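The lines below spell out each chain.
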Amino acid sequence: MVDIDELMGFNPQDLSAFNEAPATNYEQNVYKTNPKDSKSESGNYFSKLRVIYNPFDVKQSIVPQATYAMYDQEGFFMVKSKLANGDKTCPIFTSWKKLWFSGDDTKKEWARKMYEKTESQWVLVQILEDENKPELVGQIKVMKLPKAIFNKMTAKMNPSPESKKAPVPVMDYLIGLPLVMEVVPGPDDPKAPERKQREISYDLCEFDTEYTPITKVDGAPLFTEAELETIDSYVTAKAELAKAKTEAKKAAAQKSIEDLYGSIKDLYKKAIEYLKENSLDLVEECGYREWDEATATRVQNWINTVSQMQDPKVSTVGSVVTETPATKIDVTDPFAEVAAMPEETDDNGLPF
């Protein structure tokens, strides 16, 4: 029941919508390095960050995402697809296949027009430096991983046998390497102004050569001076082992590593515990989740309408018999819009 006295003296600025952050807001959780936000004279976006392992599941530290963008009479909406997990039973995908492989050129062209899929990969990052957004320093966000940076990460973490290079743990909490960002806008083309956003380049982004441990989310050191000394001794011992030419030097370096093992293990525990308390679960935030029932109906109506060669923006076909039953859909995806942003087209999946 509304309190009349409170109502009569109520300040409209006190509405919770004006004073409380939404429970889920991709703008708060996603780190973007768009040159349009740059404060540099060159117009390039400069920052430094750490790409880090997912503390809730280290093996799932680069999470794929496949998203469909659709319109109907209610407006624009996006949903994540289980195609990201290699599951081709996605009802949107199976409905596309029926049109694409129908043998009818008209239906194939209709499918090309109506089905808009975006593919991307997501990682956790901690911002180390960013003069464009200094308030973000220390914070842990999720970031859509540009292909150029993914390729550089792959070359370091998963080198080919032919290269004879040892894997470099660039995402490691203690001894990982900073990523120096220099993001270049596309060309100024009066005839095609959209190129400035669509042709953003990450080719100049490079991993530094000096390791940098993670920090607290306020930018303060997570590790004490003594702990940093331990990490430095560990890095030095590993480097000595890698370059040792004699068995004696190898043995000495290996002995140093073994002596430091217990202390380093404790520091990893400290890092993981801190991250679990202060970062997002990457898989939970960016990975595929089952669709909820309310949106299942909306998506199935879209599929039914498109399959009948009608535009879902202006019409809706009623329920029809389909081979694929409606699946649960999650429409409350805070990252779907980001995954389709034209500013990072090198992340986009190719059309079917």
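This text goes with the structure placed above it.
Keep in mind that this is a model prediction, so the values were computed, not measured.

Undergrad: Would you mind showing me how to read the overall build of the protein chain here?
TA: Looking only at helices and strands, the protein chain features twelve helices and seven strands. Surface exposure of the protein chain reaches about 19600 Å², of which carbon and sulfur atoms provide 52%.

Undergrad: Can you help me understand the pairing of strand 6 (residues 179-183) in this one?
TA: Taking every second residue as pointing to the same face, the buried face of strand 6 carries Leu179, Met181 and Val183, while none of Val180 and Glu182 on the other face is buried. Judged from the five bridges that link them, strand 1 (residues 45-52) and strand 6 form a sheet pairing that is antiparallel. For Tyr45, the partnering residue across the bridge sits in strand 6 and is Val183. Pairing of strand 6 with strand 7 (residues 206-207) involves two bridges; the strand directions are antiparallel. Residue pairing for strand 7: Val180 is matched across the bridge by Glu206.

Undergrad: Mind showing me how you'd approach the packing of helix 4 (residues 91-100) against helix 11 (residues 293-307) here?
TA: Axis angle and axis distance: for two packed helices, these are the angle between their axes and the distance between the axes, and together they describe the pair. In the contact formed by helix 4 and helix 11, the axes pass within 10 Å of each other and the chain directions differ by 5°. Here helix 11 runs roughly parallel to helix 4, going by the angle between their axes. Contact residues: Pro91, Ile92, Ser95 and Leu99 in helix 4; Val299, Trp302, Ile303, Val306 and Ser307 in helix 11. Its residues placed into classes, the contact of helix 4 with helix 11 shows seven nonpolar, two polar and no charged.

Undergrad: How should the pattern of salt bridges be read in this particular structure?
TA: Side chains that differ in sign of charge can pair as their charged atoms come close. Taken as a whole and assessed by the stated rule, the structure comprises 14 salt bridges. We note a salt bridge from Lys48 to Glu129, for which the minimum N-O separation is 3.8 Å. Here Lys48 is found in strand 1, whereas its partner Glu129 is found in strand 4 (residues 116-129), with 81 residues between them in sequence. For Glu129, a relative accessible area of 44% corresponds to the partly exposed category. For Glu199, the salt bridge identified is with Arg195, shortest N-O distance 2.7 Å. On the basis of relative accessible area, Arg195 is assigned to the partly exposed category, the value being 30%. Through salt bridges that share partners, Asp189, Arg195 and Glu199 make up one connected network.

Undergrad: What exactly am I supposed to notice about helix 9 (residues 247-278) here?
TA: Each α-helix winds once per 3.6 residues, and so residues spaced three or four apart point in a common direction. For helix 9, which comprises 32 residues, the first-to-last C-alpha distance of 44 Å matches the rise-based estimate of 46 Å (1.5 Å per residue) to within 8%. When the local axis directions of helix 9 are compared, the greatest deviation, roughly 50°, occurs at Tyr261. Among the residues making up helix 9, those that are buried are Ala253, Ile257, Leu260, Ile264, Leu267, Ala271, Tyr274 and Leu275. Where helix 9 is buried, its residues contact strand 1, strand 5 (140-144) and helix 8 (225-243).

Undergrad: What is the right way to look at the packing of helix 4 against helix 5 (residues 105-114) in this model?
TA: It is the contact of helix 4 with helix 5, at a shortest axis distance of 7 Å, that shows an interaxial angle of 145°. Across the interface between the two elements, Trp96, Leu99 and Trp100 of helix 4 pack against Lys107, Lys108, Trp110, Ala111 and Arg112 of helix 5.

Undergrad: Explain the environment of Val168 to me, please; I cannot follow it from the model alone.
TA: In this structure, Val168 sits in the loop between helix 6 (147-157) and strand 6. In the structure, Val168 is positioned twelve residues away from Lys156 in sequence and 5.3 Å away in space, judged by C-alpha atoms. Residue contacts for Val168: discarding those within four places in its chain leaves Lys156, Met157 and Leu177.

Undergrad: Please explain the packing of aromatic side chains as it appears in this structure.
TA: To describe a pair of aromatic rings, one takes the distance between the centres and the angle between the planes. This model, assessed by the stated rule, comprises six aromatic pairs. Arranged with centres 5.1 Å apart and planes meeting at 85°, the rings of Tyr115 and Trp302 form a pair that is edge-to-face. With Tyr115 in the loop between helix 5 and strand 4 and Trp302 in helix 11, this pair connects stretches of sequence that are 187 residues apart. Look at Tyr115 and you get buried, because its relative accessible area is 7%.

Undergrad: For this particular structure, what's the right way to read helix 5?
TA: When helix 5 is considered as a whole, its buried residues turn out to be Trp110, Ala111 and Met114. All buried residues of helix 5 project into a common sector of 100° when viewed along the axis, lining one side. Away from the buried face of helix 5 by more than 90 degrees, exposed residues Asp105 and Lys113 are located. With a side-chain oxygen positioned 2.8 Å from the backbone nitrogen of Thr106, the residue opening helix 5 is Asp104.

Undergrad: What should I look at first to understand unusual backbone geometry in this one?
TA: Residues other than glycine predominantly adopt negative phi, and peptide bonds predominantly adopt the trans conformation. For Lys164, which is not glycine, the phi dihedral falls at a positive 60°. Summarising the element assignment, Lys164 is placed in the loop between helix 6 and strand 6. One non-glycine residue, Met309, adopts positive backbone phi at about 60°.

Undergrad: Looking at this structure, how should I read the pairing of strand 1?
TA: Both faces of the sheet carry side chains from a regular strand, because those side chains alternate between them. Within strand 1, seven of the eight residues are buried, which leaves it mostly tucked inside the rest of the structure. Relative to strand 4, strand 1 is paired through five bridges, and the arrangement is antiparallel. Within strand 4, the position partnered with Leu49 by the bridge is Ile127.

Procedures and definitions
- Residues numbered from 1 in each chain as written.
- Predicted model: local features only at pLDDT ≥ 70, side-chain atom pairs only at ≥ 80, totals over all residues.
- Heavy atoms only, no water.
- Helix = DSSP H or I, 4+ residues; strand = E, 2+ residues; numbered from the N terminus.
- Areas by Shrake-Rupley, 256 points an atom, 1.4 Å probe, with all protein chains shown as cover.
- Buried < 20%, exposed > 50% of the residue type's maximum accessible area, 1.4 Å probe, protein only.
- Pairing = 2+ DSSP bridges.
- Axes fitted to C-alpha atoms, helices over the stretch in contact; angles between N-to-C directions.
- Parallel < 35°, antiparallel > 145°, perpendicular 65-115°, else oblique.
- Contact = heavy atoms within 4.5 Å.
- Nonpolar A, V, L, I, M, F, W, Y, C, P; charged D, E, K, R; others polar.
- Salt bridge = Lys/Arg side-chain N within 4 Å of Asp/Glu carboxyl O.
- Expected span 1.5 Å × (residues − 1).
- Bend = angle between axes of the 7 residues up to and from the residue.
- Phe/Tyr/Trp six-rings, centres within 6.5 Å; stacked < 30°, edge-to-face > 60°.
- Arc of directions from axis to C-beta.
- Polar contact = N/O pair within 3.5 Å; in protein donor to acceptor, adjacent residues only side chain to side chain.

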